[in-house]
Amino acid sequence: MRALCWHGKGDVRVDTVPDPKIQHPRDAVIKITACAICGSDLHLLDGYQPTMESGDILGHENMGEVIELGSEVTNLKIGDRIVVPFTISCGQCWFCQKGLFSCCDRTNPNAEIAAKAMGHSPAGLFGFSHMLGGYAGGQAEYLRVPMADVGPIKIPDNVSDEQALFLSDIFPTGYMAAVNAQIETGDTVAIWGCGPVGQFAIRSALLLGAGRVIAIDEIPERLVMAEAGGAETIDFSKTDVYDELMKRTDKRGPDSCIDAVGCEASGHGAADAVMDRVKAAAFLATDRVHVLRQAIMCCRKGGTVSIPGVYVGMGDKIPIGAAMNKSLTIKTGQTHVQAYTRSLLKMIEESKIDPSFVVTHPASLEDAPAMYRKFRDKEDGVIKVVLRPGR
Ligand code: NAD
Ligand code: ZN
C-alpha cells in the first residue's frame, strides 16, 4: 500500500510499504477513507519526538471501512464505517475503568520506560514514535486497529466523513479542554491558539455555557474562523494580551484560560529551543510566546487553567508560584477520546455542531508531504488538511 512515512527531521514521503495484517484477535484492519494532519504531527515532522525510526508511518486522526476482523471483535462487521480514537485503550485496566482512556496501562509496551525517562506514559498512540508503542499510523491506504472492540465508533450513513473524522482527536480534545476549564454558565473563557484544537475549544466552551470566549492568535484567517464560531478575538502580534484581557474583564482576568498552543506548535523559536538548554534559556527570556505562563498570569484569582497543548521538555519558567498564590486549578491531559465520542457524535447528528467547518485543504495522500510543509508554515490559509487515500 501507499503510506506517508517519516524519514528524519522535515522529511516525510509517500512510500510503498507492506499492507497491515491482523496480528491479534482484538484487531481490525480498515481501508482508510479519510485522515487528517494534526498539530501534534508537526512535533514529529520537526524531529522533537524521540524514538522515531526512519520509515515509521504517521497519522493518528483516522476513519475508514472495516475490511478484516479478528475473532474477538464482535461489535463490528465487515463494511462498517468507523472512526478510530488516536488513543489505543484496552477498556479493562484500572485507568480505562475510570474513564482515563489515554492513560491505559496495557497498550504501550514501553510505558514504564517512558514514565521514568520522561514522565510520559499515556496509552499507545497511532503513528507517534516507539516510546508510545510504535503503532503504525493511518496516513495510508490501510490501518491495523488494535483493541478494535473498545475504541472505534460506528458512523451512520447520514454523517459525512468530514463531519465524523474529527471525533478521532481534535473535537474531543477541544471539548475536553472546555470541560477541564470548569466553565460555569456566563463565564468568560480565554483561549490561546486558533488552530484546529483551539477552534473546537471555542465552540465547545460556548456549547458548555460560556458567556464570552476571547480567542488569541496572530493568523488573520484563524481569527476570522474564531469569530465565525462566536468568539471575540485578540491579535497577539499587535496587542499586549495581558493588558487587553484585563481591560475586557473589569481587571479581574478571564474565569478560565485554555492553552491550545503547547510549546512546539507556538513556533517562533520554541521548537528549536526544546532540546537545547542554552537556546531554551535565551528564548524563554524573551517571554514572547510562553503561552502557558501568560495563561496563568492572566487567569482570574480562583480560576481554572486548562492545557490541551502538548509540552515536551520545556517546563522551565512556568510560574507555579503565581498559580499557587492565585488559588488556580490546573487541569490537563492527553484526551480520553473514548469517553467523548458517543456524546459528540450525537451532537453532530442533532446539528448542534458541524465539525467540517474546520477543513480548508482537502487533498490526496500523494499530496501529503507538500501539505505537511504548508500546515507547518501556516501558508495558503491552511487550517486543517484532510487526506483522502484512494481518491
Ligand atoms: P496548530 O499549530 O495548527 O495551532 C496552534 C496555533 O497557536 C497557531 O494558529 C498559532 O498561530 C497559535 N499561536 C502560536 N503562538 C501563540 C501565542 N503566543 N498566543 C496565541 N496563539 C499562538 O496546532 P493544533 O492542531 O491546533 O494543535 C494545538 C496543540 O494541541 C498542539 O500542541 C498539539 O500537539 C496539541 N494537541 C493535543 C492533544 C491532546 O490530546 N491533548 C490532541 C491534539 C493536539
Ligand atoms: Zn491529533
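For clarity, every value in this text was computed on a predicted model and none was experimentally measured. (Residues numbered from 1 in each chain as written. Chains lettered and ligands numbered in written order. Predicted model: local features only at pLDDT ≥ 70, side-chain atom pairs only at ≥ 80, totals over all residues.)

## Here we look at the domain arrangement of the protein
One widely used convention gives an interface's size as the accessible area the parts lose upon coming together.
Line of reasoning, step 1. Annotation of the protein at the domain level lists domain 1 (2–169 + 335–388) and domain 2 (171–332).
Line of reasoning, step 2. Spacing between the C-alpha centres of domain 1 and domain 2 amounts to 25 Å.
Line of reasoning, step 3. Going through the elements one at a time, α1 (39–45) and α13 (341–349) are the ones with two or more residues in the side of domain 1 that touches domain 2.
Line of reasoning, step 4. Considered class by class, the residues forming the side of domain 1 that touches domain 2 number 11 nonpolar, 7 polar and 5 charged. (Domains from an automatic or database assignment. Helix = DSSP H or I, 4+ residues; strand = E, 2+ residues; numbered from the N terminus. Nonpolar A, V, L, I, M, F, W, Y, C, P; charged D, E, K, R; others polar.)

## Comments concerning the site of ligand 1
Line of reasoning, step 1. Around ligand 1, a shell composed of 33 residues is seen, among which G39, G193, G195, G262 and V310 lie nearest.
Line of reasoning, step 2. Looking at the shell around ligand 1, the elements with two or more residues in it are α1, α5 (170–180), α6 (196–207) and β12 (212–217).
Line of reasoning, step 3. When residues are assigned to domains, the shell around ligand 1 turns out to be shared by domain 1 (2–169 + 335–388) and domain 2 (171–332), each giving three or more. (Near = placed C-beta within 6 Å.)

## Points about the sheet that holds strand β11 (residues 188–192)
Line of reasoning, step 1. Overall, parallel pairing links the 6 strands, which are arranged β13-β12-β11-β14-β15-β16 in an open sheet. On the outer flanks of this sheet lie β13 (232–235) and β16 (329–332), each paired with one strand and no other. In this sheet, neighbouring strand axes are inclined to one another by 20 degrees on average, regardless of whether the strands run parallel or antiparallel.
Line of reasoning, step 2. Across the sheet, helix α8 (residues 241–248) touches β11, β12 and β13, and the angle it forms with β12 is around 165 degrees.
Line of reasoning, step 3. Seen against the sheet, helix α11 (residues 291–298) touches β11, β14 (256–259) and β15 (304–307) and runs at an angle of roughly 180 degrees to β14. (Pairing = 2+ DSSP bridges. Axes fitted to C-alpha atoms, helices over the stretch in contact; angles between N-to-C directions. Contact = placed C-beta atoms within 7 Å.)

## Examining the nonpolar core
Line of reasoning, step 1. Counting 114 residues, the largest nonpolar core has I191, A201 and A205 as its most contacted members.
Line of reasoning, step 2. If one sorts the elements of this core by residue count, strand β3 (residues 28–37) sits on top with 8 residues.
Line of reasoning, step 3. Sequence-distant contacts of I191, that is, excluding residues within four places in its chain, are made with G198, A201, I202, A205, V213, A215, I216, I258 and A260. (Core = buried A, V, L, I, M, F, W, Y, C linked by C-beta atoms within 7 Å. Buried ≥ 20, exposed ≤ 12 C-beta atoms within 10 Å, placed from the backbone.)

## A word on the packing of α8 against α11
Line of reasoning, step 1. One way to put it is that α8 packs onto α11 with a least axis distance of 10 Å and a crossing angle of 30 degrees. What the angle tells us is that α8 and α11 run roughly parallel. Between α8 and α11 the crossing geometry is right-handed. Together, V241, Y242 and L245 of α8 and Q294, M297 and C298 of α11 make up the contact between the two elements. (Parallel < 35°, antiparallel > 145°, perpendicular 65-115°, else oblique. Left-handed = near helix turned anticlockwise from the far one by under 90°.)

## Side note on the sheet that holds strand β2 (residues 12–16)
Line of reasoning, step 1. Strand order in the open sheet formed by 3 strands is β2-β1-β4, and the pairing between neighbours is antiparallel. The two strands at the open ends of the sheet, each matched to only one other strand, are β2 and β4 (56–57).
Line of reasoning, step 2. Alignment of strand β1 (residues 2–6) against β4, held across 2 bridges, turns out to be antiparallel. Counterpart to C5 in the pairing with β4 is I57.
Line of reasoning, step 3. Those strands touched by helix α14 (residues 368–377) are β1 and β2, and its axis lies near 160 degrees from that of β2.

## Quick word on unusual backbone geometry
Line of reasoning, step 1. Unusually for a residue other than glycine, S351 sits at a positive phi of about 60 degrees.
Line of reasoning, step 2. Inspection of the secondary structure assignment puts S351 in the loop between α13 and β17 (361–363).
Line of reasoning, step 3. Positive phi, normally seen in glycine, also occurs at K378, with a value near 55 degrees.
Line of reasoning, step 4. Within the secondary structure layout, K378 lies in the loop between α14 and β18 (385–387).

## Topic: the pairing of β2
Line of reasoning, step 1. Here β1 pairs with β2 via 5 bridges, running antiparallel. Looking across to β2, one finds that R2 is bridged to T16.

## Things to note about α11
Line of reasoning, step 1. The element α11 is largely enclosed, with a buried count of 6 among its 8 residues.
Line of reasoning, step 2. Taken together, the buried positions of α11 are V291, L292, Q294, A295, I296 and C298.
Line of reasoning, step 3. On the buried face of α11, the contacting elements are β11, α8, β14, β15 and α12 (320–325).

## What to know about the packing of α5 against α6
Line of reasoning, step 1. Running from amino to carboxyl end, α5 crosses α6 at an angle of 55 degrees, the nearest separation of the two axes being 7 Å. The pairing of α5 with α6 is recorded here as oblique in orientation. You can see that α5 and α6 cross each other, and the crossing is right-handed. On the side of α5, the interface is formed by I170, F171, T173, G174, Y175, A177 and A178, while α6 contributes P196, V197, Q199, F200, A201, S204 and A205.
Line of reasoning, step 2. Residues that form the contact of α5 with α6 fall into these classes: 10 nonpolar, 4 polar and no charged.

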